[in-house]
Structures are given as C-alpha cells and as structure tokens.
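Working through the structure, step by step
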Amino acid sequence: MQRLILTIGLLILIKCPVLFAEQIVKEFNFGHKTKSGSILLKKAMAYQINQGYGFEFSTEQSVTIDQKNRNLFSKKPFYFSVKVPEGNYKITISYQGLGNQAYSSTIRSESRRLQIENQEVLPNRVLDRTFIVHIKNSKIVSGGIVALKKPRELQKLDWDNKLTLEFQQTNCISAIRIESVRDIPTIFLAGNSTVVNQEDEPWTSWGQMIPRFFDSGIAIANHAESGLALSSFLSSKRLEKILSVAKSGDYLFIEFGHNDQKEKGEYAGAYKGYSERLRHFVNEFRTKGGIPVILTSTARRAFDEQGNLLQTLGDFPDAARKVAAELQVPLIDLNKKTSLFYKALGVEESKRAFVHYPAHTFPNQKNDLADNTHFNPYGAYEIAKMVLTGIKENNLNIADHIVDFQGFDPQQPDDFKTWYWPPSLINSVVKPDGN
C-alpha cells in the first residue's frame, strides 16, 4: 500500500509540476544590501552561467553602480538576465529620482516585449513599477518538445533558460525583484509573423506590444512564430505545448491566414483545412476550461493605382468570422480594423507602419527595406490597440486588467511623427518568414 501511495504521489508530481513548484524570489540590490536574502551587486558584471545572473551583450560597460547612493545608473541601453525555470514572474523595478531633473525609462523583456513605456520618474522621488513576464521552454510535460525553427528560434531570448530585461533611455534603479506567480490568468497567443515576438529591429508584431497595456494581474505567453500556418503550428507541437501548461480561465488568441494561403492539396483552402483546424484549436482549448478568441488576419498593405486598398487574403477572414459565429467564439476583426488604419494613413503614409526604410538606416543595411506584410514598432503598437479595443468590445473579463488605454479608432491613429521607440541593440536586415 505504501508503495502504491508513493507511486501515485510521483505521478501527480510529474503531471502537475507547477502545483508543487517552489516559490522563487530573487532580489538584486545595487551598492547596499537592504534585505536578508537579497543579492548585492557592487559592480556591473557580465552574465555567468555558474552564478545565474548578470549583464548581457557587453552592456555592463554601459552601467555604473553607485555604492554611495545605492543605485544602478545608466543613460545607455543595457540588458540584465537571471536564470529561472518556466513560469510567470512578477517583476518589480524600484526607481530612484535624480536630484536635479526628471527622467524617462522604457523596459522590455525577452525578445523585445514592451513592458514599461516612457515611465517618468520625478526628481527626488522613489517609484515602484511591476509587470509580468512569461518564461517558456520547449519541453512538453507529457513528453516531447516543440520543434523550434533552426537557427532562428534557437538564438532567441524568448527560448533560452533566462529572464532578460532590456532597459532603455535613462535608468536609476535601487532594486530589481523577481518572484514567481501562479494564480493569474494567462493569455496565450497562437499565430504567425504578425503576432510573434520579433527579436530584431525594426521588425515588430502586435503580440510583443500588448503586454505594456496589462497590469500585473495578467500574463502574456506568446507562442507565435514567423512563417507558420495552423497546420505547421500543430505539427511543430506548439498547440500541444500550450495545452500542457494552460489552466482553466486562461485565454487563447488565434490569428492565422497569411501562410495558410500557401497550402496546396485537396484539403487546402479557407473553408476546408483552415476552418477545420480553427475548430480544432477552439475545441481543444475549451477542454482545458479555457476561453478561445479568434482574430482575423491583419491585412497586407496593397493599394491599386487609384489608391484603393486591395484585400489580398481571399476568403480567410470570412472563414474565421464564420467559425467564430458557428462556435460562439469571441471575434476580433483585425482584418477590418487594419484596413481602416491603412486607408486613414493613405498610400504613402501607411508605409510608416511597415518596415519601409531607406538604405543605411540600420547597421549593415546596404539596401532599402520595403516590406508590406511586417510591421515596424509604430505599426505593431497601433495594432495592439486594435486588439485591446476588440477585447473591450467583446466584454472579456481580462478587460478589467487593461491599463493606460482609453480606446482606439483605427481611422484616427496616433501621430507617428510624435510616437517614440528607442531602438534595441539587436537588428537585422533579414525579413521574417512568411512574407
């Protein structure tokens, strides 16, 4: 009997590792140790595997630790990483005000996920800001692994075994606290290059912008990847991975269509394989007690000679709408909203939302970049606002956790001339898969 009880206990541990996971709390103080158990950093050191924390990409050279004033200070971009297991983490940044002027800070996590945007810190004030970062790995609890794209995904910060924070603008910080959290809803994102966390400037997607608009009561787990259709998302075991960690009350946002157009064979097509797989995603996630949401594909930037926007996605947006209505799934019509957005900007100005840059805008960029499928930071930011609008229009419970958002009309977008994004250090001239 004891052996049977032990066996059952081991099986429970194997099947439910999060339930019994140890609470993780790591706090880093700069210049002065203020709490028992906190880690004191007297100088900026590069990340080392054996200690499990430190600065990345040689940016320790951009940081000064002032032991007298007990803070870390920098006016340059820097990256700080901490080794942690898979899970959701609440990050608390303790800012210190400068004595003579206000300053602004922007923080991103992992592969350029926007978390804090232009946070103003007033002179001689202290300020704590918290946000949630989801850390994932490729292992599936029931066995097997996600088939990551090589070498692209193997090189991404999103898929390593560390939590990486990217600090931009000015930062004067007394402490960074990292603690695991288990009892908050997670929004899983399934999609393609218009959704994925793009690692390299200037490519950007709405999935990496949307964390900025949620409080610390929601986690965003972005499992999208460039070049994927519903079929390849399934065959690479990404849905299986999501289902292995999802819990009742979580959400799954599903946006596909661009790459599904390329499928061949008798089963290909908007009303055939695409619709059937959408139903499969919805039904499988519902078996976990989760709430699926269908999003129509973002439109491509395609105008005719008369300046009329062309719809290049065929029947796929309509098929997504029909499946959502059939299964009574909340629908966010990004195809319609992005179309209105491009029309409002016009033929030439709509380039401002995409990766259109003259040669030599970025390091090692010898030629012009002209991509009418993939967004730049401004375009991705505006589309994230369209998703937030859709959440509110559908009266989803997660709307209660949206912050700093009063609504958005895609026909009256933010002025790109006044919108600011400090570029990350990592950039590439290579287009993401799925153009």
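Identification of the chain as Rhamnogalacturonan acetylesterase from Sphingobacterium puteale is taken from an unreviewed UniProt entry. What the UniProt record of the chain gives under Sequence similarities (unreviewed entry) is the line "Belongs to the 'GDSL' lipolytic enzyme family."

A few words now on the packing of aromatic side chains. Remark: the centre distance and the inter-plane angle together describe each pair of aromatic rings, the angle taken between the planes. Applying the stated rule across the entire model yields 23 aromatic pairs. Judged by centre distance (4.5 Å) and plane angle (10°), the rings of Phe78 and Phe167 are stacked. One end of the pair, Phe78, is in strand E6 (residues 78-83); the other, Phe167, is in strand E11 (residues 162-169), with 89 residues separating them in the sequence. The pair formed by Phe78 and Phe167 is uniform in burial state, with each residue classed as buried. Ring pairs connect the aromatic residues Phe213, Phe341, Tyr342, Phe354, Phe375, Tyr378, Tyr381, Phe405, Phe416, Trp419 and Trp421, which therefore count as one cluster. Positioned above the aromatic ring of Trp159 is the side chain of Lys136, whose terminal nitrogen or guanidinium carbon lies 4.6 Å from the ring centre. Geometry around Phe213 places Arg212 over its ring, the cationic atom sitting 4.7 Å from the centre.

Now for the UniProt feature "domain: SGNH hydrolase-type esterase" (unreviewed entry) in the chain. Here the UniProt-annotated "domain: SGNH hydrolase-type esterase" (unreviewed entry) positions come out as residues 191-379. In this annotation, residues 191-379 is assigned 33% helix and 15% strand; the end-to-end C-alpha distance for the span is 17 Å.

Looking now at the side chain of Gln198. Here Gln198 lies in the loop between strand E13 (186-191) and helix H2 (206-209). In terms of polar contacts, Gln198 uses its side chain to reach the side chain of Arg152, at 3.2 Å. In this view, Gln198 contacts Ser111, Arg112, Arg152, Ser193, Trp203, Thr204, Ser205, Gln208, Ser226 and Pro432; residues no more than four positions away in its chain are not counted.

Quick look at the pattern of salt bridges now. One pass over the structure, following the stated rule, counts 25 salt bridges. For the salt bridge of Arg177 with Glu179, the shortest nitrogen-to-oxygen distance reads 3.2 Å. With its nearest N and O atoms 3.0 Å apart, the salt bridge here joins Lys247 to Asp250. Judged by its relative accessible area of 30%, Lys247 is partly exposed. Note on Asp250: relative accessible area 0%, which makes it buried.

Bringing the pairing of strand E9 (residues 113-121) into the picture now. Burial within E9 is extensive, with 7 of its 9 residues counted as buried. The antiparallel pairing of strand E8 (residues 103-109) with E9 creates a hairpin that spans 3 residues between the two strands, and Glu110 there sits at a positive phi of about 50°.

If you want to describe how two helices pack, look at the angle between their axes and the distance between the axes. At a minimum axis distance of 10 Å, the contact between helix H5 (residues 270-287) and helix H6 (residues 316-327) shows a crossing angle of 40°. Our classification of the angle between H5 and H6 gives oblique. When you trace H5 past H6, the crossing you get is right-handed. Seen from H5, the contacting residues are Ala270, Tyr271, Tyr274, Ser275, Leu278, Arg279, Val282, Asn283 and Arg286; seen from H6, they are Phe316, Asp318, Ala319, Ala320, Lys322, Val323, Glu326 and Leu327. The residue inventory of the contact of H5 with H6, partitioned by class, reads 10 nonpolar, 2 polar and 5 charged.

Strands sit in the order E3-E6-E11-E8-E9 across an open sheet of 5 strands; the sheet is antiparallel. Whereas interior strands pair on both sides, the edge strands pair on one side only; in this sheet they are strand E3 (53-56) and E9. Across the sheet, the axes of successive neighbouring strands diverge by a mean angle of 20°, strand direction being ignored. Relative to E11, E8 is paired through 5 bridges, and the arrangement is antiparallel. Counted as the bridge partner of Ser109 is Leu165 from E11.

This next bit is on the domain arrangement of the chain. Segmentation of the chain into domains returns domain 1 (21-183) and domain 2 (184-418). With centres defined by C-alpha atoms, the gap from domain 1 to domain 2 works out at 27 Å. Of the roughly 2800 Å² buried between domain 1 and domain 2 on both sides combined, carbon and sulfur atoms contribute 45%. The tally of links from domain 1 across to domain 2 stands at 5 salt bridges.

Criteria and cut-off values
- Residues numbered from 1 in each chain as written.
- Predicted model: local features only at pLDDT ≥ 70, side-chain atom pairs only at ≥ 80, totals over all residues.
- Heavy atoms only, no water.
- UniProt positions renumbered as here; feature names shortened; annotations may be inferred.
- Phe/Tyr/Trp six-rings, centres within 6.5 Å; stacked < 30°, edge-to-face > 60°.
- Helix = DSSP H or I, 4+ residues; strand = E, 2+ residues; numbered from the N terminus.
- Buried < 20%, exposed > 50% of the residue type's maximum accessible area, 1.4 Å probe, protein only.
- Lys NZ or Arg CZ within 6 Å of the ring centre and 35° of its normal.
- Polar contact = N/O pair within 3.5 Å; in protein donor to acceptor, adjacent residues only side chain to side chain.
- Contact = heavy atoms within 4.5 Å.
- Salt bridge = Lys/Arg side-chain N within 4 Å of Asp/Glu carboxyl O.
- Pairing = 2+ DSSP bridges.
- Axes fitted to C-alpha atoms, helices over the stretch in contact; angles between N-to-C directions.
- Parallel < 35°, antiparallel > 145°, perpendicular 65-115°, else oblique.
- Left-handed = near helix turned anticlockwise from the far one by under 90°.
- Nonpolar A, V, L, I, M, F, W, Y, C, P; charged D, E, K, R; others polar.
- Domains from an automatic or database assignment.
- Buried area = accessible area lost by both parts, 1.4 Å probe.

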